[in-house]
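Overview (structure and organization)
Spelled out from the first residue to the last, the chains are:
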Amino acid sequence: MTEIGRETLSEETFFDSVGGESTFRRLVHRFYQGVAEDELLRPMYPEDLGPAEERFALFLMQYWGGPRTYSEERGHPRLRMRHVPFKVDRAAHDAWLRHMRTAVDELGLPADAERQLWDYLTYAAASMINSAD
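From a predicted model like this one, the values you see are computed outputs, not experimental measurements.

1. Section: the nonpolar core
Ranked by internal contacts, the top residues of the largest apolar core, which has 40 residues, are Y45, W96 and M100. For this core, the elements supplying multiple residues, two or more each, are α1 (14-17), α2 (21-36), α3 (49-63), α6 (90-107) and α7 (111-127). Residues within four places of W96 in sequence aside, it is in contact with F31, L41, Y45, F56, L121 and A125.

Printed below as a string of structure tokens:
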């Protein structure tokens, strides 16, 4: 009997377990549909939402164990630093999460995966708050 070395076994990542790239692209696309119509959030984004949508999708895919394209193209995420130019208060936080909640719900993920994703998204949204106004 031959033993398989630990390094030859690969664990399935969250990215893979929820459907890979297509799942994250659906999530982010649906989220940006909400942002496009949001009076509070829309001014924080560039005129053309396409590049922002692409960056966000690449970031989330990498974070959850997918391709490292985001870092290869943009370096370290530095999320708080990249959001400093924008006033992110509780209202913006709530609006962001409202659109993200819709997007997450529409994925129809298994309960454990949905909870894990949502826990991260709520944590990330809270960490972007940079204004008490």
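Still more ground to cover, so stick around.
2. Observations concerning the confidence of the model for the protein chain
Mean pLDDT over the protein chain works out to 88, with 83% of the residues at or above the 70 mark. Of all helices and strands in the protein chain, the one with the weakest mean pLDDT is helix α5 (residues 79-83) (53), whereas α2 scores best (98).

3. Looking at the environment of L60
With respect to the helices and strands, L60 occurs in helix α3. Taking the relative accessible area as the measure of exposure, L60 reaches 0% and is therefore buried. L60 sits 35 residues away from R25 along the chain, and the two C-alpha atoms are 9.2 Å apart. Not counting residues within four places of it along the chain, the set of residues in contact with L60 comprises F24, L27, V28 and Y120.

4. Some remarks on the packing of aromatic side chains
What the rule picks out here adds up to 13 aromatic pairs. Here the aromatic rings of Y32 and Y45 are separated by 5.5 Å at their centres, their planes lie at 85°, and the arrangement is edge-to-face. Remark: Y45 occurs in the loop between α2 and α3 and Y32 occurs in helix α2; sequence separation between them is 13 residues. Grouping residues by exposure puts Y32 and Y45 together as buried. Between F59 and Y70, the aromatic rings sit 5.7 Å apart at their centres with planes inclined by 75°, giving edge-to-face as the arrangement.

5. What about the environment of R115?
Assignment of secondary structure puts R115 in helix α7. Look at R115 and you get partly exposed, because its relative accessible area is 42%. Once the C-alpha coordinates of R115 and V104 are considered, the two residues, eleven residues apart in sequence, prove to be 9.8 Å apart.

Rules behind the numbers
Per chain, residue numbering runs from 1 following the sequence as it is written. Local features in a predicted model are, by the rule used here, given only for residues with pLDDT of at least 70; side-chain atom pairs are given and counted only at 80 or more, and totals for whole chains, interfaces and linings are based on all residues. Side-chain metrics rest on all non-hydrogen atoms present in the structure, leaving aside hydrogens and water. Side-chain atoms within 4.5 Å link the members of a nonpolar core, which is a set of buried Ala, Val, Leu, Ile, Met, Phe, Trp, Tyr and Cys residues. Buried means the residue's accessible area, taken with a 1.4 Å probe over protein chains only, is under 20% of the maximum for its type, while exposed means over 50%, and partly exposed covers the values in between. A run of DSSP states H or I qualifies as a helix once it reaches four residues; a run of E qualifies as a strand once it reaches two. Both are numbered from the N-terminal end. Note on contacts: a residue pair is in contact if any heavy atoms of the two residues lie within 4.5 Å. pLDDT expresses, on a scale from 0 to 100, how confident the predictor is about each individual residue. Pairing of aromatic side chains here covers Phe, Tyr and the six-membered ring of Trp, requires ring centres within 6.5 Å, and sorts the geometry by plane angle: under 30 degrees stacked, over 60 edge-to-face, intermediate tilted.

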